[in-house]
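Chain by chain, the residues run as shown.
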Amino acid sequence: MNKAIKLQLSILFLIVSLGAFGQKPSKKTEQDFYEIKTLPIPQDLYLEVGGLATMPDGRLAVSTRRGEIWIVENPYQKNSHQTYYRRFASGLHEILGLAYKDGVFYCSQRGELTKITDTDRDGVADLYEPIYQFEISGNYHEYTYGPVFDKNGDMLVTLNLAWIGFGEGKFSKWRGWLVKIKPDGTLEPLSAGLRSPAGYSINDEGDIFYGENQGDWVGSGRVTHLAKGDFAGNPGGLKWAKEPNSPFKLTLEEIPDNSAPMFEAAKKVKNLKLPAVWFPHAIMGISTSDIVQDSTKGRFSPFPGQYFVADQGQSKVMRMYLEKVNGVYQGFCINYREGFQSGILRERFGLDGSMFVGMTSRGWGSTGKADFGLQRLVWNGLTPFEINEIHAKPDGFELNFTQPVDVKSVKNAASYALRSYIYEYHHQYGSPIIDVKDLKIKGISVSADKKTVRISLDGIRQYFIHEFVLKGILNEEGEPLLHETAYFTLNQIPAGDKLVLNESTKIVEAKVEVEVKEVGGKKELISETQVMALLKKHTCLACHAKDKKLIGPSYEDIAKRGYTSKQILDLVYKPNPQNWPDYATEMAPMSHIPAKDVLKIAGWINSLDKSKEKLLNRD
Amino acid sequence: MKKLLLFLFVPLASFAQQTIPLTDLQAFDQPSSNWTIEGALKAKYTDTSFQVSSGKGVLVNTLRHGKYKRTDDLHFKLNHGDIHFMMDFMLPKGANSGIYLQGRYEVQLFDSWGKKTLKFGDCGGIYERWDDARGKGKEGYEGYAPRQNACKAPGLWQSIEIDFEAPRFDASGKKIKNALFKKVILNGILIQENIEVSGMTRGALFDKEGPLGPITIQGDHGPVAFKNIRFETYDKPTASLSNITYNYYEGKFAEPVIGAAAPVVKGKLAALTHKVIKARNDYLIDYVADLNVPEADEYEFQTHWTGSGVLKIDGKELNSGAHWYTDKVTMKTQLSAGKHRFELIHVKDFPWGPKALGVFVKRVGAHEIAFHDRTSLPDPEAVGLIEVKALSEPVYQRSFTFHGGKKKMYVIHVGDPTGLSYSYDLKQGAVLQTWKGSFLNATQMWQDRGEPQTAEPLGQTVLMDGKFPLVLSSQMQGDSAQLVYKGYKIMHGRPVFYYEWPAAKLVVEDHLNPNKLGNGWERTLKLVGTSPMASMVEAVIGNSPDVTEISPGLIALQGSGYYVQWEKTPALILQSGPGKMQVRVPVQGNSFTYQLIW
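Within every chain, residues take consecutive numbers counted from 1 along the sequence as written. All chains are assigned letters beginning with A, and all ligands numbers beginning with 1, in the order in which they are written. This being a predicted model, a pLDDT of at least 70 is required before a residue's local features are given, and a value of 80 or more before pairs of side-chain atoms are given or counted; all residues contribute to the totals for chains, interfaces and linings.

Engineer: Any details on the overall build of chain A? Residues and values, ideally.
Structural biologist: Strands are runs of DSSP state E lasting at least 2 residues, helices are runs of H or I lasting at least 4, and numbering of each runs from the N terminus. A tally of regular secondary structure across chain A gives 8 helices and 36 strands. Atoms counted for the radius of gyration: C-alpha only. Globule rule: 2.2 Å times residue count to the power 0.38. Since a compact globule built from 619 residues should have a radius of gyration of about 25 Å, the 25 Å found for chain A is in line with a globular shape. Each of the three principal axes of chain A carries a C-alpha extent, and together these read 75 × 75 × 60 Å. Scored against the burial criterion, the 619 residues of chain A give a buried share of 48%. The contacts in chain A between residues at least 6 apart in sequence include a share of 62% that link residues at least 24 apart. Each residue is classed by its C-beta neighbour count within 10 Å, where at least 20 other C-beta atoms makes it buried, 12 or fewer makes it exposed, and intermediate counts make it partly exposed; the C-beta atoms are placed from backbone geometry. For every residue pair, C-beta atoms are placed from the backbone, and the pair is scored as a contact if these atoms sit within 7 Å.

Engineer: If you had to explain the nonpolar core to someone new, which residues and values would you point to?
Structural biologist: Within the largest apolar cluster, 283 residues are counted, with the highest numbers of intra-cluster contacts made by Cys333 of chain A together with Ala225, Tyr424 and Tyr563 of chain B. Here the element with the most residues in this core is strand 32 (residues 430–441) of chain B; it accounts for 6 residues. Residue contacts for Cys333 of chain A: discarding those within four places in its chain leaves Val277, Phe279, Met284, Val309, Met318, Arg319, Met320, Ala486 and Tyr487 of chain A. What makes a nonpolar core is a set of buried Ala, Val, Leu, Ile, Met, Phe, Trp, Tyr and Cys residues, with links drawn between C-beta atoms within 7 Å. Judged by nonpolar contacts, the second largest core, of 29 residues, contains Phe253, Ala289, Val347 and Val361 of chain B.

Engineer: Give a description of helix 6 (residues 565–573) of chain A that names residues and reports values.
Structural biologist: For helix 6 of chain A, the full list of buried residues reads Ser565, Ile568 and Val572 of chain A. The arc that holds the buried residues of helix 6 of chain A, viewed along the axis, is 55°, so those residues lie on one side. This arc describes the spread of directions from the helix axis toward the C-beta atoms.

Engineer: I'd like to hear about the environment of Phe279 of chain A, residue by residue, with values.
Structural biologist: Residue and element names in this part refer to chain A. Structurally, Phe279 can be placed in strand 20 (residues 277–279). Given 28 C-beta atoms within a 10 Å radius, Phe279 is considered buried. Along the sequence, Phe279 and Lys574 sit 295 residues apart, while their C-alpha atoms lie 19 Å from each other. In this view, Phe279 contacts Ser220, Gly221, Arg222, Met284, Gly285, Thr288 and Cys333; residues no more than four positions away in its chain are not counted.

Engineer: Requested: an account of helix 4 (residues 528–537) of chain A, with residues and values cited.
Structural biologist: All names here are of chain A. Listed in full, the buried residues belonging to helix 4 are Val531, Leu534 and Leu535. Along helix 4, the residues classed as buried sweep out an arc of 100° about the axis, all on the same side. When the buried face of helix 4 is taken as reference, the exposed residues oriented beyond 90 degrees from it are Thr529, Lys536 and Lys537. Where the residues of helix 4 are buried, they touch helix 7 (595–607). Positive phi appears at Thr539, one or two residues downstream of helix 4, with a value of about 60°.

Engineer: For the interface of chain B and chain A, give the residues involved together with the corresponding values.
Structural biologist: Each partner contributes residues to the interface: chain B has 28 residues there, and chain A has 26 residues. Looking at the side of chain B that touches chain A, the elements with two or more residues in it are strand 29 (395–403), strand 30 (406–415) and strand 35 (484–491) of chain B. The leading source of residues in the side of chain B that touches chain A is strand 35 of chain B, at 6 residues. Note on residue classes: Ala, Val, Leu, Ile, Met, Phe, Trp, Tyr, Cys and Pro are nonpolar, Asp, Glu, Lys and Arg are charged, and everything else, Gly too, is polar. In the side of chain B that touches chain A, the residues fall into 12 nonpolar, 6 polar and 10 charged. In this scheme, strands are said to pair when DSSP sees at least two bridges between them. In the sheet, strand 10 (residues 127–133) of chain A pairs with strand 35 of chain B via 2 bridges, with the strands oriented antiparallel. By the bridge assignment, Tyr128 of chain A is partnered in strand 35 of chain B with Tyr488 of chain B.

Structure, rendered in structure tokens:
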């Protein structure tokens, strides 16, 4: 008898329903509000997008990892669906950033910030001038991103660390830094501590934000506000803080490497900048890339002024809201739109307020299966029921919704699952979540327009990620939130009045009706549909599929390893990336998934290999 | 980390070969008087004959009595079966010769320089077989054109390397296996691989196939010269394994050390293989066998494994260490004739990577053999070529590239529809290499993450010195610190490079265009601006160990494999170091043009 089956015999499957209303309206999905439009790409064109630049004449410029710049005509697909590609420039070295200014293109190659001009106006570039030549050692991981122009016309460039089993910046000057380069080629180093700064931009206040990928010294993906003299956490490039023009002095030896959270290190290292928002690994992406602020004044989204952060590995766009407390940025992230065709590297707004999304997944893999792609994210003008803003309060948070809420659901404690946690800060790759604490609601008040909900909590913690799962909150039509889970990074707790706890703010500890169903007969395996629901719920499907290699191995391949369910549980909680050396992206510890769910999944995984095991043993 | 290594130009593994001495004609069987031993040759690429200087080391075929005859073919005394044969050859314009393996199977030598379409009769082609019985016009068959034109200009030394397997016959003399060209490499380019021929070339020395025959050089079609003739044959006996046993241990062994462990399974094997066990990892296998050495000699062991291992002969450790299965680990050892103790311990204490074990043994004069079962050593990952083509217009592509073993980071490759290409170091203002044929192999840059980020020529390549070509008189060639790269402008589809040259207070434009005949690059260096130093500028047009002045304005850099050609001003040839010659030409006016021809 197959031992994998034995393990599952006694597993019961629980379905928890909240029973707050009788008639359920059909659940709305992201595509009911945000459409993904695909720009067709000629079949022989490898449009591995490294950079995008919207042109004021209605065209779109796309730079590629194969070193070309293509100008796309009819990118808004107004009268016809078909687009037309003209090659503007070619022969460059992996262009991971593109900007268009005053009729001229600026791009980053691996070793150069280059100005590209069409001097004879024939539609094809003919002059390639270096603005700055970067030092490079030849390591493939020394990527160069940008430029992004600031308001003075200077160019910001970020410089990726080399990879030698860990991020290393010492081989070439200013690796791991954000630098500013003037049009005359003078370089000013601004901020250090960057590991893989693929996306960054300047907001309407002139502040620079960049997205970082989980890795060494980076417990999870995050967005960090970079001011001059900031050290964002990865010490790989600190060698260059010794240079006379470095805005600060700091050495690797001064960085604590004890797995305590980053905020503890920041108490000792004054330049260490904490992230504005953590993006919990594997849930809110696995490789944050571009970040843009919605500057379209309500054309792109129902969230003007908020930020949209892309993820390469999970092929999705997330939303980020920022507030400033005590002069420090903080806020939350929440899913926005998933389902893009490849790994997103670039986001740029089009003239019509839609967003061009440029993609490549070569070398890393992504949930979207295509090797590369070009799409456009278009809002249809309808506003979903969503968390609009979350503000920190002295005793908790204030949540603002896009629509009036159903007060009964909001006042029900069972509508919430709230907890806080943080990541370790150390030279190791990634981190489990640590110091997890469930949060209890002390009181709730709802504003007169029913759009703002104030929550008083027991034990909010400065610097921690506060997870909001608002499962039960409904709008007045009885609809749930389009996205129920948000992650707020609480860098600063503001001063001010606390919520008065009285009868009117009292939370209802309603009984939750729990139906326990036994699915099928006792001896039946958990069904694939049920497993798929679990896999989706716990975001496993972002990286794994049953029979295909995505970012991680397929479940069938995992099954071939013949792990016991207990071993699978251990590996889910504490992955061993060395088990899968052919996979570029390391798995994050998923210790927040309940063991019973993991064991169900493990049982199913092992059921995938019944026949193959015999076959394998034949040789 | 897995490494992706793709070699398109694969000079065969260096082999310890025998040399045919060219101090006299002793190695040849009754050579006609056209064949002589000489010292040196030179020729313009337009010449149909050589200028010969006497001496030793070069074998030359010259017309001496009116008309070439079949008896002018040169037969080696060497009678061979399987052979790995290599030599350098020089052809004057229009020359036609050939190498007949065993006097039967011809690889064509021909002045195919510049030809666009190639047939079996072009240089490196496997010349066709012939059968009158096939009917008029169909007599010729099984001719194989080279994969590409790897031919160099007449008057330059070229190299050819042929790995040939002789046909096999049974005891009754019946052929049981055809002759095979395992590899033909012309000027470093693999142009034929595993081409089987069912019979002899028309001009064969014999009327039927056989196990042995002499190397024959076709000498009846025109002048041709050879040097550095080397070969290896494979008639010696080599080592073998017998009484192979294995002991299998379970557990995590980080090192191939058995310690106190007890074997779980023991057994006997016909050949080494890891397939006797099912475990993916966490095991140790100890293979012990008798190594039978037929004759005292040096033997080379090449091992492959994923994990760690150690190979011991008579208890002496040879190959060892932690490796990926595609790594080739080689060690040589001197062994006496007779029985030796062979032991190989292999451990794999991690789950990833294919299980693999392979052992090859090579003795000079014998074929390399495997001690493992074929299935024990998996194939390397199959990665297809990513090619950048220059079909209808010039194409340029930046990448990293290796030049003389150093990785250059600021390189642009330029390919032309004429089939000419070059690599240029933007930081250095220097041509790194030029080549003919297909343009660029970008696989290492565009496959997966592209870890080396390098691109390589796809054609027959000439390495250049990689240095900025302008100097002030009596000064040494500078490096990039003395130059400021200002970019490039595309003119007529091709980049023109711009530099500030502070030492000369000048701006330099570097133009490279195909020359009028399309057989090389014409490089024009323009000086822009006025400077008191302008009159002191010299162009360094070659650095090479071997510089031969052919005629005014034409120099063969035989040590580097190309000609430089220019007009008017005479060159200065300087000794720039031990064994290093430098060719300089003073620049008159504000530009200097020269050609690179190969």
